[in-house]
Amino acid sequence: MEQLLLLVAWMVAGGSPGPATLAIAGTAMQRGRAAGLAVSAGIVTGSAIWGVAAAAGMSALMVTHVWLFTAMRYAGAAFLIYLAYKALRAAWRNADVPDPTSLGATSLTRLWGKGALIHLTNPKAILGWGGFFAVAVPADASSLLIWETFAMLIAGSCVVFFGYGFLFSSPGVTRAYRRARRWFETVFGVLFGTAGLTLFFAKGSTP
């Protein structure tokens, strides 16, 4: 029961509005299912990397090195502000909505990289993994329990993030996006910008 509650809490936290879910939703609506799932895969990859780091005990080491944690925070803020700029620029350009069938392997790889960068430069990701491991795994836990916990949590992340990719690329949602593209992109730009500035001006270098 405790493991189930932990998984539910993890999925609720992962599915709450934030840079990752915004990126998946925006990409899926704008460029289609394959693009949305590519971003989802990148985000899951970034999450898995931080999960492995937490399982290996590196998350605590990173947090204790103030300069490294601060550098990651600034990098994440800069990337979110860049995404805000791109969304706002797209909102007020007279550009056509990209054709999802025109996506090639290179485009999908870039979208995967976008998703991975969002999570790899997000300090909350490493803190989330470290926090959940601290709660779920005793100090004297076996390696098997540690990696079982990692597998459970990353599976939950897959359900949430790929679920967003499928949901926001559904025909009804994409039609709504095409009818009000400028408003959607403006909202995404404002939200990305707010997240970036909040991260940039966050008090303190460590949590």
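Note: the structure precedes this text.
What comes next concerns the included structure. Here the residue numbers are simple positions, counted from 1 along each chain's written sequence. Since the coordinates come from a predicted model, pLDDT governs what is reported: local features require at least 70, and pairs of side-chain atoms require 80 or more to be given and counted, while whole-chain, interface and lining totals use all residues. With hydrogens and water stripped out, all remaining heavy atoms of the structure feed into the side-chain values.

1. Section: the overall build of the chain
To keep things clear, this is the line we draw: Strands are runs of DSSP state E lasting at least two residues, helices are runs of H or I lasting at least four, and both sets are numbered from the N terminus onward. Residue exposure (1.4 Å probe, protein chains only): buried if accessible area is under 20% of the type maximum, exposed if over 50%, otherwise partly exposed. Any pair of residues with heavy atoms lying within 4.5 Å of one another is described as a contacting pair.
Each helix and strand in the chain was counted, giving 10 helices and zero strands. In the chain, the order of α-helices and β-strands from amino to carboxyl end is α-α-α-α-α-α-α-α-α-α. Every one of the 207 residues in the chain was classed for burial, and the buried ones make up 43%. Contacts in the chain between residues at least 24 apart in sequence constitute 86% of all its contacts with a sequence separation of at least 6.

2. Things to note about a nonpolar patch on the surface
Spelled out, the test is: Every patch collects residues that have over 30% relative accessible area and no salt bridge, joining them within 9 Å if they carry like charges and within 5 Å if they are nonpolar side chains (Val, Leu, Ile, Met, Phe, Trp, Tyr). To measure how exposed things are, a 1.4 Å probe is used in the Shrake-Rupley method; for residues, cover is taken only from the protein chains shown. Here a salt bridge means any side-chain nitrogen of Lys or Arg lying within 4 Å of a carboxyl oxygen belonging to Asp or Glu.
A cluster of nonpolar side chains, contributed by Tyr74, Ile81, Leu197, Phe200 and Phe201, occupies part of the molecular surface with about 490 Å² of accessible area. At the level of elements, helix H5 (66–91) and helix H10 (181–200) are the ones that each hand at least two residues to the nonpolar patch. For leucine 197, a relative accessible area of 44% translates into the label partly exposed.

3. Topic: the packing of helix H9 (residues 171–179) against H10
Definition in use: Each axis is a line fitted through C-alpha atoms, and for a helix only the stretch in contact is used; angles between axes span 0 to 180 degrees, taken between their N-to-C directions. Convention used here: angles under 35 degrees read as roughly parallel, angles over 145 as roughly antiparallel, angles from 65 to 115 as roughly perpendicular, and any remaining angle as oblique. Each residue gets one of three labels, nonpolar for Ala, Val, Leu, Ile, Met, Phe, Trp, Tyr, Cys and Pro, charged for Asp, Glu, Lys and Arg, and polar for the others, Gly among them.
It is at 5 Å that the axes of H9 and H10 come closest, and there the two elements cross at 95°. In terms of their interaxial angle, H9 and H10 are classed as roughly perpendicular. Counted together, Ala176, Tyr177, Arg178 and Arg179 of H9 and Arg181, Phe184 and Glu185 of H10 form the full contact between these two elements. Residue composition of the contact of H9 with H10, grouped by class: three nonpolar, no polar and four charged.

4. Side note on the environment of proline 171
Tracing the sequence through the fold places proline 171 in helix H9. Overall, the relative accessible area of 52% leaves proline 171 in the exposed class. Residues proline 171 and methionine 29, spaced 142 residues apart in sequence, show a C-alpha to C-alpha distance of 9.0 Å.

5. Notes on the nonpolar core
To keep it simple, the criterion reads: We call a set of buried Ala, Val, Leu, Ile, Met, Phe, Trp, Tyr and Cys residues a nonpolar core when their side-chain atoms join them within 4.5 Å.
One finds Trp50, Trp129, Phe133, Leu153, Phe161, Phe188 and Phe192 to be the most contacted residues of the largest nonpolar core, which totals 47 residues. Among the secondary structure elements, those contributing two or more residues to this core are helix H1 (2–15), helix H2 (19–31), helix H3 (33–55), H5, helix H6 (105–120), helix H7 (123–136), helix H8 (143–168) and H10. At 10 residues, the largest contribution of residues to this core is made by H3. Not counting residues up to four positions away in its chain, the partners in contact with phenylalanine 133 are Gly51, Ala54, Ala55, Ile146, Thr149 and Phe150.

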